[in-house]
Amino acid sequence: MFEWIRSFFSSAPVCPVNEEEREWLEERFEWLIEEFGIDRLRAATTVVPTTEFFPSRWHGTEDEIHGILLVVAEHMDVDPDYVRVKFYSEGPAPVEGMAREGSLGTYSESEDWGFYDIRINTDALDDPLGIVSTMAHELGHVRLLGEERIWAEAPDNEPLTDLTTVFFGLGILRANSVVRQKSVGSGTSLSRSGYLSMNMLGYALGLYALARDETNPTWLKHLRADVRWACRNTIRLKLQNESNLETF
């Protein structure tokens, strides 16, 4: 048994993404560094789902959501005074016992110049991690669309916005909220959100860690298992490749 465990941990690292995904992630992560600076990346605080960053109790009130806005905006360098949080509902699922698949939030530029409207789906107020993740994504739109770094018509607008949350230190929250479990009627429903796969998020977090010279980041323990596996493999693979180049 111990030989099997030793063999598992000493096995060669596996790239968790395909070649097309790898190229896109690396090119776009480099673009983010060019846009916002390597110093900003290295200065980022890695936000984890603990009471250090968020309250221990959650009731889904507007005041609590505004509190989340303040926390996330601070980490993404967005002035919250120019963000207006609004609410909407898509209503109950059309079939009892099933979850409605829809948006958790939306972004738009306000009719008042210089302001941004973020709308939060009140049907998801029982999911605080999802609210935090959604807020990070929508504020990512502020940094990219609101600041005219990209246009809404860009084919990778949404996945790039998810990658932006990783750059600013909110990737763990985004990754952990992708798959949501919810009690619906007498059963349980699973739903998915986000624009990057688990493996892509793990690869992105690996790039984030290495750019900050973190080869064994302490925040890995906060990641869901599949994303943690992808992140570890990315770090090991990159370090191995660097070692091979130095040897050559």
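Residues numbered from 1 in each chain as written. Predicted model: local features only at pLDDT ≥ 70, side-chain atom pairs only at ≥ 80, totals over all residues. Heavy atoms only, no water.

A. Seen up close, the environment of Ile33. Mapping Ile33 onto the fold places it in helix H2 (residues 19-36). Look at Ile33 and you get buried, because its relative accessible area is 16%. Sequence spacing of Ile33 and Ala211 is 178 residues, and the spatial spacing of their C-alpha atoms is 9.6 Å. (Helix = DSSP H or I, 4+ residues; strand = E, 2+ residues; numbered from the N terminus. Buried < 20%, exposed > 50% of the residue type's maximum accessible area, 1.4 Å probe, protein only.)

B. Structural detail: the packing of aromatic side chains. Counted according to the given criterion, the structure contains eight aromatic pairs. Aromatic side chains Phe36 and Phe167 sit 5.7 Å apart centroid to centroid with 45 degrees between the ring planes, which places their arrangement in the tilted category. Of this pair, Phe36 sits in helix H2 while Phe167 sits in helix H6 (residues 157-167); the two residues are 131 residues apart in sequence, bridging distant segments of the chain. The two residues Phe36 and Phe167 agree in class, both being buried. The structure contains a cluster of three or more aromatic residues connected by ring pairs, namely Phe29, Phe36, Phe167 and Phe168. In this arrangement the basic side chain of Arg28 is found over the ring face of Trp31, its NZ or CZ atom lying 4.9 Å from the centre. Here the guanidinium or amino end of Arg119 rests over the ring plane of Tyr88, the centre of that ring lying 4.3 Å away. (Phe/Tyr/Trp six-rings, centres within 6.5 Å; stacked < 30°, edge-to-face > 60°. Lys NZ or Arg CZ within 6 Å of the ring centre and 35° of its normal.)

C. Local environment of the packing of H6 against helix H8 (residues 198-211). The interhelical angle for the contact between H6 and H8, taken along N-to-C directions, is 40 degrees, at an axis separation of 9 Å. In terms of axis orientation, H6 runs oblique to H8. The element H6 and its partner H8 pack so that their crossing is right-handed. Listed contacts from H8 to Leu163, Val166 and Phe167 of H6 are Leu201, Ala204, Leu205 and Tyr208. For the contact of H6 with H8, the residue count by class is seven nonpolar, no polar and no charged. (Axes fitted to C-alpha atoms, helices over the stretch in contact; angles between N-to-C directions. Parallel < 35°, antiparallel > 145°, perpendicular 65-115°, else oblique. Left-handed = near helix turned anticlockwise from the far one by under 90°. Contact = heavy atoms within 4.5 Å. Nonpolar A, V, L, I, M, F, W, Y, C, P; charged D, E, K, R; others polar.)

D. Spotlight on the sheet that holds strand S3 (residues 116-121). Across the sheet, which stays open at both edges, the three strands sit in the order S1-S3-S2 with mixed pairing between neighbours. Lying at the two open borders of the sheet, with one neighbouring strand each, are strand S1 (83-88) and strand S2 (105-109). Averaged over all pairs of adjacent strands, the angle between strand axes in this sheet comes to 25 degrees, irrespective of strand direction. (Pairing = 2+ DSSP bridges.)

E. Local environment of the confidence of the model for the protein chain. Summarising the model, the protein chain shows a mean pLDDT of 86, and 82% of its residues fall at 70 or more. Scored below 50 in pLDDT, residues 94-100 makes 11 contacts in the model with residues more than four places away or belonging to other chains. (pLDDT = per-residue confidence, 0-100.)

F. Structural context of H2. With 18 residues, H2 ought to run about 26 Å at 1.5 Å a step, and its terminal C-alpha atoms sit 26 Å apart, in line with that. Those residues of H2 that sit buried are Trp24, Leu25, Arg28, Phe29, Trp31, Leu32, Ile33 and Phe36. At the N-terminal end of H2, a side-chain oxygen is found 3.2 Å from the backbone nitrogen of Glu20, two or three residues along, and the residue is Asn18. Once H2 finishes, Gly37 follows within two positions and takes phi at roughly 100 degrees, a positive value. (Expected span 1.5 Å × (residues − 1). Polar contact = N/O pair within 3.5 Å; in protein donor to acceptor, adjacent residues only side chain to side chain.)

G. Local environment of the environment of Asp156. Take Asp156: it is sitting in the loop between helix H5 (128-146) and H6. Residues Asp156 and Trp24, spaced 132 residues apart in sequence, show a C-alpha to C-alpha distance of 9.5 Å. Apart from the residues within four sequence positions on either side, Asp156 is in contact with Trp24 and Arg28. A distance of 2.9 Å separates polar atoms of two side chains, one belonging to Asp156 and the other to Trp24.

H. Inspection of the pairing of S3 at higher detail. A large share of S3 lies buried, amounting to five of its six residues. Across five bridges, S2 lies against S3 in antiparallel orientation. In the sheet register, Tyr107 faces S3, and the bridge partner there is Ile118. Connecting S2 to the next strand, S3, in antiparallel fashion are six residues, including Gly114 with a positive phi near 90 degrees.

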